[in-house]
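What follows is the residue order along each chain.
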Amino acid sequence: MARAEGVPAFTMNQLAAFVAVAEAGTISGAAERLHLSPSALSASVTDLERHLQTQLLHRRKAKGVSLTASGELVLPRARYLLHQASELEADARGDERGVSGLVRLGCYPSLAPTVLPQLVSDFARRHPEAHLEVHELTQDQLTSRLEAGDLDLAIMYDLDLAPSWRTATLAHLRPRVVLPATHRLAEDAGPVDLSHLRKDPMVLLDAPPSGSHAHDCCARAGFTPRVAYRARTYETARSFVGRGLGWTLLLQRPSSDTTYEGHPVVVKEIVAPVLPEVAVDLVWHPGSLLSRATRTFITEALNKPAQEKRPVPPKF
């Protein structure tokens, strides 16, 4: 049967063979993983190279394989095509089997402990045929992975997000000051004026975009913070505050105002300056074809009750 116009000559099996060899580093290792003979696997990769008219792998006896420049370019696209093919199959069988397939979900680290557990456990309970693969990454890493097609969806703050991204809002959060229990402002009732902390040492959550957001908040109060310590996670920042090493600005507030070490911290609303709320968004690439499982995850996440939540429905 003649090949239809516009249909590539290579097959999904050939792409899968190439990806397996690239990931295993050896043909024998990939063959064992796929339960194929090394000769059959090698032939599949050779056929793919012939169809693409380029060499994808350097093959060296007893030294495994390495990617050529063309192979480096083809590998992420091959993974993406295989993922989309798998999603197509899952979508096609969805009505008879329920929601199934893989959802590759990224999440900003400071959101993960308070946002992910309920979302993941509820989704897994409702859809046992589906699987969530979770990656905790900073916002710049999340957007890069979405661009590359390595993630289907990400949960992040709406800070410095390009308007081209497709989003659905889960919640709106207000910046708050976190103080040591012994701080002079900790005993005062009511909110604080951020400018009153201009001379105090600060613990900066230095994970993009939180660091720049904290600097922007301080700039609105008319000062540059005296950063004494930097932390990559919000729990580390809270622990430093609990030890009296400084104050910090955070958007997330855990259920307990006690650090991992058992030290109390005091969380204060900010009365001045008036700081804008920050949206927590589900984000996906504008050119992506969302699987049924991914669309279901978005819909169910938006229906969750959440503190300070004003959901905005997605447009698939």
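Within any chain, residue numbers begin from 1 and follow the written order of that chain's sequence. Since the coordinates come from a predicted model, pLDDT governs what is reported: local features require at least 70, and pairs of side-chain atoms require 80 or more to be given and counted, while whole-chain, interface and lining totals use all residues. The basis for every side-chain value is the complete set of heavy atoms in the structure, and neither hydrogens nor water enter the calculation.

**Q** Looking at this structure, I do not really get the sheet that holds strand β12 (residues 265-268). What am I missing?
**A** Across a sheet, strands are paired by hydrogen bonds formed along the backbone, either parallel or antiparallel in direction. A sheet is described by the order of its strands in space; here three strands give the open sequence β11-β7-β12, paired in antiparallel fashion. Each of the sheet's edge strands pairs with one partner strand only, and the pair in question is β11 (248-250) and β12. Looking at each pair of strands side by side, their axes are set apart by 35° on average, direction ignored. Pairing analysis gives three bridges linking strand β7 (residues 176-180) to β11, with the strands arranged antiparallel. Bridge pairing links Val 178 to Thr 248 in β11. For two strands to count as paired, DSSP must find a minimum of two bridges between them. To qualify as a helix, a DSSP run of H or I must reach at least 4 residues; to qualify as a strand, a run of E must reach at least 2; elements of each kind are numbered from the N terminus. Angles run from 0 to 180 degrees between N-to-C directions of axes, and those axes are lines fitted to C-alpha atoms, restricted for helices to the stretch in contact.

**Q** Got a minute to help me understand the side chain of Gln 252 in this structure?
**A** For Gln 252, the location among the structural elements is in the loop between β11 and β12. We call a residue buried when its accessible area falls under 20% of the maximum for its residue type, exposed when it is over 50%, and partly exposed in between, using a 1.4 Å probe and counting protein chains only. The class of Gln 252 is buried, set by a relative accessible area of 11%.

**Q** Would you mind showing me how to read the environment of Ala 154 here?
**A** Counting through the fold element by element, Ala 154 comes out in strand β5 (residues 153-157). Taking C-alpha positions, Ala 154 is 7.9 Å from Tyr 108, a pair spaced 46 residues apart along the chain. Contact between two residues is taken to exist if any of their heavy atoms lie within 4.5 Å; hydrogens are not considered. With residues near it in sequence (within four places) discarded, Ala 154 still touches Leu 105, Gly 106, Leu 142, Leu 146, Asp 281, Leu 282 and Val 283.

**Q** I'm lost on the nonpolar core in this one. Help?
**A** The nonpolar side chains of soluble globular proteins are, as a tendency, buried together. With 41 residues, the main nonpolar core has Leu 111, Ile 155, Tyr 157, Leu 282, Phe 297 and Ile 298 as its most contacted residues. Put simply, the parts of the chain that give this core at least two residues each are β3 (101-107), α6 (112-126), β4 (130-136), α7 (139-148), β5, β6 (166-173), β14 (278-284) and α10 (292-302). Ranked by size, the runner-up nonpolar core spans 18 residues in total, among them Ala 17, Val 21, Leu 56 and Val 74. Here, nonpolar core means buried Ala, Val, Leu, Ile, Met, Phe, Trp, Tyr and Cys residues that are tied together by side-chain atoms lying within 4.5 Å of each other.

**Q** Explain the layout of surface pockets to me, please; I cannot follow it from the model alone.
**A** Any space left empty among the atoms is revealed by the rolling of a water-sized probe across them. With a 1 Å grid spanning the protein atoms alone, the term cavity applies to any set of points in which a 1.4 Å probe fits but cannot get out, the term pocket to an open set with protein on both sides within 12 Å along at least five of seven lines, and the term lining residue to any residue with an atom within 4 Å of a point. Grid points are joined across faces, edges and corners, and a volume is the space filled by probe spheres set on the points. One number sums up the size of the second largest pocket: a volume of about 330 Å³. Together, 16 residues line the second largest pocket, and Val 19, Glu 23, Arg 79, Leu 82 and His 83 are the ones closest to its centre. Elements with a minimum of two residues in the lining of the second largest pocket: α1 (12-24), α2 (27-34), α4 (69-92) and β3. With seven residues, α4 is the largest single contributor of residues to the lining of the second largest pocket. Residues are grouped as follows: nonpolar covers Ala, Val, Leu, Ile, Met, Phe, Trp, Tyr, Cys and Pro; charged covers Asp, Glu, Lys and Arg; every other residue, Gly included, is treated as polar. Among the residues forming the lining of the second largest pocket, the class breakdown is seven nonpolar, three polar and six charged. Residue ranges assigned to the domains are those given by an automatic or database domain assignment. Structurally, the lining of the second largest pocket is a two-domain feature, drawing no fewer than three residues from each of domain 1 (12-91) and domain 2 (101-171 + 279-303).

**Q** Help me out: how do you make sense of unusual backbone geometry in this one?
**A** One can expect most non-glycine residues to show negative phi and most peptide bonds to be in trans. For the bond running from Pro 208 to Pro 209, omega is 10°, close enough to zero to count as cis. Note the cis peptide between Ala 272 and Pro 273, where omega equals -5°. One can find Pro 273 in the loop between β13 (270-272) and β14. One non-glycine residue, His 35, adopts positive backbone phi at about 60°. With respect to the helices and strands, the residue His 35 is situated in the loop between α2 and α3 (38-52). With a phi close to 60°, Gln 53 is a non-glycine residue in the positive phi region. As for its placement among the helices and strands, Gln 53 is situated in the loop between α3 and β1 (57-60). For Gln 53, a relative accessible area of 73% puts it in the exposed group.

**Q** I would appreciate a short explanation of the domain arrangement of the protein chain in the present structure.
**A** As a measure of interface size, the accessible area lost when the parts come together is often cited. In terms of domain boundaries, the protein chain breaks down into domain 1 (12-91), domain 2 (101-171 + 279-303) and domain 3 (175-276). Taking only C-alpha atoms into account, the centre of domain 2 sits 27 Å from that of domain 3. The interface of domain 2 with domain 3 comprises twelve residues on the first partner and eleven residues on the second. Note on definitions: salt bridges are taken to be side-chain nitrogens of Lys or Arg within 4 Å of carboxyl oxygens of Asp or Glu. Summed over the shared surface of domain 2 and domain 3, the result is zero salt bridges. By the criterion applied in these results, polar contacts are pairs of N or O atoms within 3.5 Å in which, for protein atoms, one can donate a hydrogen and the other can accept it, and in which residues neighboring in sequence qualify only through two side-chain atoms. The tally of links from domain 2 across to domain 3 stands at four residue pairs in polar contact (both at pLDDT 80 or more). Of all the secondary structure elements, the ones that give two or more residues to the side of domain 2 that touches domain 3 are α6 and α7.

**Q** Explain empty space enclosed by the protein to me, please; I cannot follow it from the model alone.
**A** Here the structure, examined in full by the defined rule, presents three cavities of 30 Å³ or more. Counted as a void, the largest cavity has a volume near 100 Å³. Residue lining of the largest cavity: Ser 110, Tyr 157, Leu 159, Pro 175, Leu 205, Ser 210, His 213, Ala 214, Leu 249, Leu 250, Leu 251 and Gln 252, and that is the complete set. Of all the secondary structure elements, the ones that give two or more residues to the lining of the largest cavity are α8 (210-220) and β11.

**Q** Help me out: how do you make sense of the environment of Ser 288 in this one?
**A** Position of Ser 288 among the secondary structure elements: in the loop between β14 and α10. Distance in space between the C-alpha atoms of Ser 288 and Asp 140 is 19 Å, their sequence separation being 148 residues. Those residues within four positions of Ser 288 in sequence are excluded, and the remaining contacts are Tyr 80 and Arg 166. A polar contact of 2.8 Å, which involves the side chain of Ser 288, links it to the backbone oxygen of His 285.

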